[in-house]
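# Secondary and tertiary structure notes
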Amino acid sequence: MTKWHVGIVGAGKIGVMIAALLKESGDYTITIFDQNEDALKALKDVERVRIDVSDEDALTAALENVNAVLSAAPFFLTPVIARAAKRSDTHYLDLTEDVSSTNLVMDLAKDASSTFAPQCGLAPGFVSIAAHDLARKFDKLENLTLRVGALPRYPTNRLKYNLTWSTEGLINEYCNPCLAIVDGTLTEVAPLEGLETFSLEGVDYEAFNTSGGLGSLHETLRGKVNSLKYLSIRYPGHREIISLLLQDLGLKNRRDLLKEVMETALPTTKQDVVVVFITASGMIDGRLEERSYLNEINAGQIAGTHWSAIQITTAAGICATLDMIREGRLAKSGFIKQEDIPLEAFLANRFGALYLGHRSIQDNGEPKLLAAE
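Report follows, based on the coordinates. Every value quoted in this text rests on a predicted model; they were computed, and no experiment measured them.

## So, the side chain of Arg147
Positionally, Arg147 belongs in strand E7 (residues 140-152). A relative accessible area of 7% places Arg147 in the buried class. For Arg147, the side chain forms a polar contact with the side chain of Thr279, separated by 3.1 Å. Beyond its immediate sequence surroundings of up to four residues, Arg147 is in contact with Glu196, Phe198, Ala207, Leu231, Ile233, Val275, Val276, Phe277, Ile278 and Thr279.

## A word on the packing of helix H4 (residues 78-87) against helix H5 (residues 99-109)
Their axes nearest at 10 Å, the elements H4 and H5 cross at an angle of 10°. Regarding the angle of H4 to H5, the classification is roughly parallel. The handedness of the crossing between H4 and H5 comes out as right-handed. For the pair formed by H4 and H5, the contact residues are Thr78, Pro79, Ala82, Arg83 and Lys86 on the first element and Ser101, Leu104, Val105 and Leu108 on the second. Among the residues making up the contact of H4 with H5, the classes are represented as five nonpolar, two polar and two charged.

## Description of the pairing of strand E4 (residues 68-71)
Residue alternation in E4 divides its side chains into two sets, Ala68 and Leu70 and Val69 and Ser71, and both sets are buried. Where strand E1 (residues 4-9) and E4 come together, four bridges link them in parallel fashion. Of the residues in E4, the one forming a bridge with Gly7 is Val69. With H4 bridging E4 and its parallel neighbour strand E5 (residues 91-94), the resulting β-α-β unit is right-handed.

## Description of the state of the cysteines
Scanning all chains against the criterion turns up zero disulfides. Left unpaired, Cys178 is separated from the closest cysteine sulfur, that of Cys175, by 10 Å. Not engaged in a disulfide, the cysteine Cys319 finds its nearest cysteine sulfur in Cys120; these two sulfurs lie 10 Å apart.

## Quick look at the nonpolar core
Among the nonpolar cores identified, the biggest contains 73 residues, and Ile18, Leu22 and Leu144 are the most heavily contacted of them. For this core, the leading source of residues is helix H11 (residues 309-326), giving 11 residues. Sequence-distant contacts of Ile18, defined by excluding residues within four places in its chain, comprise Ile8, Leu70, Ala72, Leu95, Ala315, Ile318 and Cys319. Among the nonpolar cores identified, the runner-up in size contains 19 residues, and Leu63, Ile81, Leu108 and Ala109 belong to it.

Rules behind the numbers
- Residues numbered from 1 in each chain as written.
- Predicted model: local features only at pLDDT ≥ 70, side-chain atom pairs only at ≥ 80, totals over all residues.
- Heavy atoms only, no water.
- Helix = DSSP H or I, 4+ residues; strand = E, 2+ residues; numbered from the N terminus.
- Buried < 20%, exposed > 50% of the residue type's maximum accessible area, 1.4 Å probe, protein only.
- Polar contact = N/O pair within 3.5 Å; in protein donor to acceptor, adjacent residues only side chain to side chain.
- Contact = heavy atoms within 4.5 Å.
- Axes fitted to C-alpha atoms, helices over the stretch in contact; angles between N-to-C directions.
- Parallel < 35°, antiparallel > 145°, perpendicular 65-115°, else oblique.
- Left-handed = near helix turned anticlockwise from the far one by under 90°.
- Nonpolar A, V, L, I, M, F, W, Y, C, P; charged D, E, K, R; others polar.
- Pairing = 2+ DSSP bridges.
- Right-handed = clockwise from strand over helix to strand, strands pointing away.
- Disulfide = S-S within 2.5 Å.
- Core = buried A, V, L, I, M, F, W, Y, C linked by side-chain atoms within 4.5 Å.

Okay, here's the thing in C-alpha cells:
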C-alpha cells in the first residue's frame with residue numbers, strides 16, 4: 001500500500017505524539033505545520049514548516065500535496081484548517097471537543113470529496129466508540145453514562161490535579177453548557193453539576209457534567225435512550241474548588257486570567273492515568289440489566305520515549321481513524337462519526353491497540369511492547 005503524506009497542524013504535546021506514532025509505523029511521511037519557531041526547532045526527523053495557520057490561503061497551498069491533515073491545534077483554529085482541507089481536497093481529522101466547531105466541520109463535509117472526521121481523540125472520540133458498542137447490546141436502552149478522566153497518578157495539591165493537556169480545552173469543558181438527553185429530550189445542562197461519587201478497584205472518584213465529551217453521540221442516540229450524559233472524572237474535592245474559582249470568584253468570565261492562574265499554579269505531569277468508565281442499563285431478552293465498560297490506560301514508553309497517558313490515548317484515537325481511512329475500512333468521503341467505528345475494529349488496529357495497555361504499533365509486522373509505568 002502506498003505511503004501517505006500527512007500534515008499535522010500543531011507542534012505541541014499531542015501533535016508531537018501523533019507524529020511519533022505515524023513515523024514509527026513506517027507507512028506515513030510527516031510534515032508538521034506551526035508558527036512557533038521554537039517548537040518546530042525542538043522536533044527531529046520530520047519535515048517542519050513554519051506557517052501562520054490562521055492564514056487560510058497559505059495553509060490551503062501548503063496542503064496541496066498532502067493526503068490528510070490532522071489538526072492538533074486549538075479549537076478556535078478548526079474553521080480555518082477545515083476549510084483549507086476542503087479547498088485542497090485533503091482528508092481532515094481533528095481532536096476538538098468544541099461543539100460549534102464540529103457543526104461547521106459537519107457542514108463542510110456534506111458535499112466534500114474527501115473525508116471529514118472530527119473529534120477523534122479520547123473524549124470525544126474513543127469514549128463514543130466504546131459507549132455505542134455497549135449501547136448496541138441492549139434491546140431497549142434506558143440510561144447511558146460516559147465518564148472519562150485524565151488524572152495524575154500521584155496527586156499532591158488540593159485540586160488533586162495536574163495539567164495534562166490543553167488548558168483552553170479544560171476551561172471550555174468547565175464553563176460551556178453541556179449537551180445531554182434527559183427524560184428522552186435533548187437539552188443543555190450546567191457544567192459542574194450532576195455530581196456523582198464512586199469507587200473503582202479501591203480508589204475513590206467524583207464525576208460531574210462537563211462540555212463536549214458526547215461528540216455526536218447525542219444525535220445518534222436521540223429517540224433511542226431516556227438518559228444520556230457525559231461526566232469528567234476527578235479525585236474527590238476537585239469540583240468544589242473549581243466551582244469556587246469559576247462561580248464564587250467569577251473567573252468563568254475571565255478565562256484568560258483563569259488560564260494564567262492554572263498554568264502558573266498547576267505543574268504538568270507525565271505520570272498520569274486515563275480512566276474510562278461507562279455504564280448502561282436497559283432491557284435485554286425481557287430483563288432489566290446494567291452493563292459496564294472500564295478501561296485504565298497508564299503512561300508508558302513507546303520506541304524508547306516516555307509518553308503521558310493522555311498523549312497516548314488522544315494520539316492513538318486519531319491515528320487509528322486515519323489508518324482505517326487509508327486502508328479503506330472507513331469512508332473516504334463525507335462525514336465520519338466516531339460511533340460509526342466498531343469497537344472491535346478500532347482495538348484490532350495497530351494504533352487503537354494502545355488502548356489494550358500492552359500492545360503498540362507494528363514495524364514490519366512485528367509487534368512491540370508498550371511498557372506501562
